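Okay, here's what each chain looks like letter by letter:
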Amino acid sequence: MSFISVQQAIDKGEGQVSLRGWIHRERGSNKLKFIVLRDSSNIIQVVCKRDIFEDWSLIDKLSVESSIEVTGTLHEDARAPTGYELRAESLTLVGESHEYPITRDMSVEHLANNRHLWLRSRKMMAMLKIRSTVFTAIRDYFLQQGFIEYHSPIFQAVQCEGGSELFEVNYFDKKDVFLTQTWQLYAEPAIFGVEKIFTIAPTFRAEKSLTARHLTEFWMAEMEMAWASFSDIIGHGEGMVKHIVQKVLKDNVLELSLLERDTKDLENLLDKPFIQITYTDALAKLKTVGMNVEWGKDLRTLEEEKLCELYDVPVVVTHYPKKVKAFYMTEDQDNPDVVHGCDFLVKGIGEILGGSHREHDLEKIKQRLIDDNEDPSEYEFYLDTRRYGSVPHGGFGLGTERVIRWICGFDQVKDCIAFPRTPERYKP
Ligand code: 4AD
Ligand code: MG
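Quick caveat: nothing in here was measured; it's all calculated off a predicted structure.

**As for the site of ligand 1**
1) Next: Within the structure, ligand 1 sits among 23 residues, and Glu161, Gln184, Glu207, Glu222 and Glu351 are positioned closest to it.
2) Next: Here an oxygen atom of ligand 1 sits 3.3 Å away from a polar atom, N or O, in the main chain of Leu353.
3) Next: Across the complex, the protein chains shield 94% of the 630 Å² of accessible surface that ligand 1 would expose by itself.
4) Next: Of all the elements in the fold, those that place two or more residues in the shell around ligand 1 are strand 10 (217-226), strand 14 (350-357) and strand 15 (393-399).
5) Next: Here the residues of the shell around ligand 1 sort into eight nonpolar, seven polar and eight charged.

So, in C-alpha cells, the structure goes:
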C-alpha cells in the first residue's frame, strides 16, 4: 500500500487513497462513525459505515490519538472541516490510545505538564513549522550574504551580558564554568580569520523574571562581521528580519491561517524602511504620549511597546546610554555617554534583536570591565582581538522565540519552543 499525505489527498480531491495518521476527533453511533484524521500536513474527515465494517468492534476501539491506516474514496463535502471526506473501505488500528489526557479547555498548567502530548496539537504543530521556516530563513539570509556558519563553545569561562544571569556548571569541580549567554566573545576572535560568521545556537540566562518574553534556555541567531560600520550591522538586522517575515508569509500560509494571524502588519513592513531613532529622541517621543523616562534608565518592556505603537514598522533604537549597555559597545566619538548599540523593537513584544558596533580601544574595554567588577585578566583571549590587527567590526543577536512569538501572534515565548525552560519549569 502506498500512502499519501492528508494534504495531498485534499489536493487530489477524488479517487481511492490510503492515508495514515492520528485520530484528532471522533464521534458517531454504532452505525456511523466520523473521524477527523490528522497527519503532519493537515486534517481530513473520515467516515466509517456499518455496512462496510462488519466487525464494528474495531471501529468502536478507535479513540482520540489512536494511530490508524485507512483506505477509502475521496468525496467533496462542504460540511467537512477541510472540504473533503474519505469514505473508509478498510482500516487498520496501528496503535491504541486510551483516555487521552488532553481534552478541550484544559488549563495552561495541565497543558504544560503534558507538553509531550500537547506538541501534537494543531497550534503547536503550526508553531513548530513556522519555527523551522524561521531557522531556515536565517540560514538562507546569511549564506546568501557570504557569511559562514560558525560555532562558539557552550561551556564558557567568562560572562558577556551580566554576571548575575550566568548558569554555573559543575565542570569537574572547576568554579568558573558557565553555560553560554551569547556566542560573542568567542565569535569575535574568529572574524579576524573568516570575517563574516553567523550561528543559531542554544543560549542560557539565569533570569528569575517570569515574563512573557524570557526563557532560561532559548535559541539565539547571532552574526559577527569584520570591516563593518554600525550601519552595516543595523542593515543586516533589518535585512534578516524582513527575509524571515517574507519566507514565513510565503511558506506558512496554512499555519498562519490556522493560528488566525491577520498578517497585514507583516506584509506591510516588507517594502518600507524600519524606523531608526536615537534613545534620546525616543524619550522625547514617549514624553509626547505621556510616558516620562529619566535619561539614563533602560527602556522597559511597556515603554518599548508604547514606542512601537507609534509606528507601523519595527523601530530600531540606537545610541543608548553607556551605563545600561554591555562593556563591549563602541563609545560615540562626540558623546562618550552613549554607545553604538541598537535594539530592534516590534509591536506587542518590544526587543527582538540587540546588536552593536564593538569598541576597538583596548584601554576603554579594560576600564569598562573593571567598572563592571570584572577582572580583565580573565578576558586576555578576548583582549588579544584588539592587540593584533583589530578592525572595525560588530554584530547582533536575535531571540528566535521572540520573533516566532511576534510572527505567530502569541502572548508567550513559552509557546514558541517545544519544551520551554523557565525559572519554574524544567520538566517534562
Ligand atoms: O540583547 P542581548 O542580551 O544581546 C546579546 O547577547 C549580544 N551579545 C548579541 C550579539 O551582539 N551577538 O540578547 C539578544 C537577543 C535579545 O534581543 C532577545 O531577543 C533575546 O536575545 N533574549 C532572550 N530571549 C528569550 N529569553 C531570554 N531570557 C532572552 N534574553 C535575550
Ligand atoms: Mg538586549
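**Looking at the sheet that holds strand 6 (residues 148-149)**
1) Next: The eight strands lie next to each other as 6-9-10-15-14-13-12-11, forming an open sheet whose pairing is mixed. Of all strands in the sheet, those with a lone pairing partner are strand 6 and strand 11 (275-278), marking the two edges.
2) Next: Pairing between strand 9 (residues 196-204) and strand 10: nine bridges, direction antiparallel. Counted as the bridge partner of Ile200 is Ala221 from strand 10.
3) Next: In the packing of helix 6 (residues 184-194) onto the sheet, contacts are made with strand 6, strand 9, strand 10 and strand 15, and the angle to strand 10 comes to roughly 30 degrees.
4) Next: Sitting on the sheet, helix 14 (residues 400-408) is in contact with strand 9, strand 10, strand 13 (338-346), strand 14 and strand 15, with an inclination near 55 degrees to strand 15.

**Looking at the packing of helix 5 (residues 122-144) against helix 7 (residues 230-251)**
Between two packed helices, both the angle of their axes relative to each other and the distance between the axes serve to describe the pair.
1) Next: For the pair helix 5 and helix 7, the least separation of the axes is 9 Å and the interaxial angle reads 135 degrees. Compared by their axis directions, helix 5 and helix 7 come out oblique. Crossing of helix 5 against helix 7: the hand is right-handed. Seen from helix 5, the contacting residues are Ile130, Thr133, Val134, Thr136, Ala137, Ile138, Asp140, Tyr141, Phe142 and Gln144; seen from helix 7, they are Gly235, His236, Gly239, Met240, His243, Ile244, Lys247, Val248 and Asp251.
2) Next: Among the residues forming the contact of helix 5 with helix 7, the class breakdown is nine nonpolar, seven polar and three charged.

**Some thoughts on helix 10 (residues 279-288)**
1) Next: For helix 10, the complete set of buried residues consists of Tyr279, Ala282, Leu283 and Leu286. For helix 10, the angular spread of the buried residues around the axis is 105 degrees, confining them to a single face. Exposed and facing more than 90 degrees away from the buried side of helix 10 are Lys287 and Thr288.
2) Next: On its buried side, helix 10 packs onto strand 11, helix 11 (301-309) and strand 12 (315-321).

**Some thoughts on a negative patch on the surface**
1) Next: There is a patch of like negative charges on the surface, built from Glu168, Asp176, Asp375 and Glu378.
2) Next: On the secondary structure map, Glu168 appears in the loop between strand 7 (155-156) and strand 8 (178-179).
3) Next: A relative accessible area of 58% means that Glu168 is categorised as exposed.

**So, the packing of aromatic side chains**
1) Next: Summed over all chains, the structure comprises 15 aromatic pairs.
2) Next: The interplanar angle of 75 degrees and the centroid separation of 6.2 Å between the aromatic rings of Phe274 and Phe344 together place this pair among those described as edge-to-face. You can see Phe274 sitting in the loop between helix 9 (264-269) and strand 11 and its partner Phe344 sitting in strand 13, a full 70 residues away along the chain.
3) Next: By relative accessible area, Phe344 is classed as buried at 1%.
4) Next: Here the basic side chain of Arg27 rests over the ring of Phe34, its NZ or CZ set 4.4 Å away from the ring centre.

**Let's talk about the pairing of strand 3 (residues 43-49)**
1) Next: Most of strand 3 sits inside the fold, with six of its seven residues counted as buried.
2) Next: With seven bridges joining them, strand 2 (residues 32-38) and strand 3 adopt antiparallel strand pairing. Bridge pairing in strand 3 links Lys33 to Cys48.
3) Next: Hairpin geometry of strand 2 and strand 3 is characterised by an intervening segment of four residues between the two adjacent antiparallel strands.
4) Next: Relative to strand 5 (residues 84-95), strand 3 runs parallel, the two being bridged by three bridges. Directly across from Val47, in strand 5, lies its bridge partner Arg87.

Parameters at a glance
- Residues numbered from 1 in each chain as written.
- Chains lettered and ligands numbered in written order.
- Predicted model: local features only at pLDDT ≥ 70, side-chain atom pairs only at ≥ 80, totals over all residues.
- Heavy atoms only, no water.
- Near = heavy atom within 4 Å.
- Polar contact = N/O pair within 3.5 Å; in protein donor to acceptor, adjacent residues only side chain to side chain.
- Areas by Shrake-Rupley, 256 points an atom, 1.4 Å probe, with all protein chains shown as cover.
- Helix = DSSP H or I, 4+ residues; strand = E, 2+ residues; numbered from the N terminus.
- Nonpolar A, V, L, I, M, F, W, Y, C, P; charged D, E, K, R; others polar.
- Pairing = 2+ DSSP bridges.
- Contact = heavy atoms within 4.5 Å.
- Axes fitted to C-alpha atoms, helices over the stretch in contact; angles between N-to-C directions.
- Parallel < 35°, antiparallel > 145°, perpendicular 65-115°, else oblique.
- Left-handed = near helix turned anticlockwise from the far one by under 90°.
- Buried < 20%, exposed > 50% of the residue type's maximum accessible area, 1.4 Å probe, protein only.
- Arc of directions from axis to C-beta.
- Patch = residues over 30% accessible without salt bridge, like charges linked within 9 Å, V, L, I, M, F, W, Y side chains within 5 Å.
- Salt bridge = Lys/Arg side-chain N within 4 Å of Asp/Glu carboxyl O.
- Lys, Arg positive; Asp, Glu negative; His and termini not counted.
- Charge placed at Lys NZ, Arg CZ, Asp CG, Glu CD.
- Phe/Tyr/Trp six-rings, centres within 6.5 Å; stacked < 30°, edge-to-face > 60°.
- Lys NZ or Arg CZ within 6 Å of the ring centre and 35° of its normal.

All we've got here are geometric facts, nothing functional implied.
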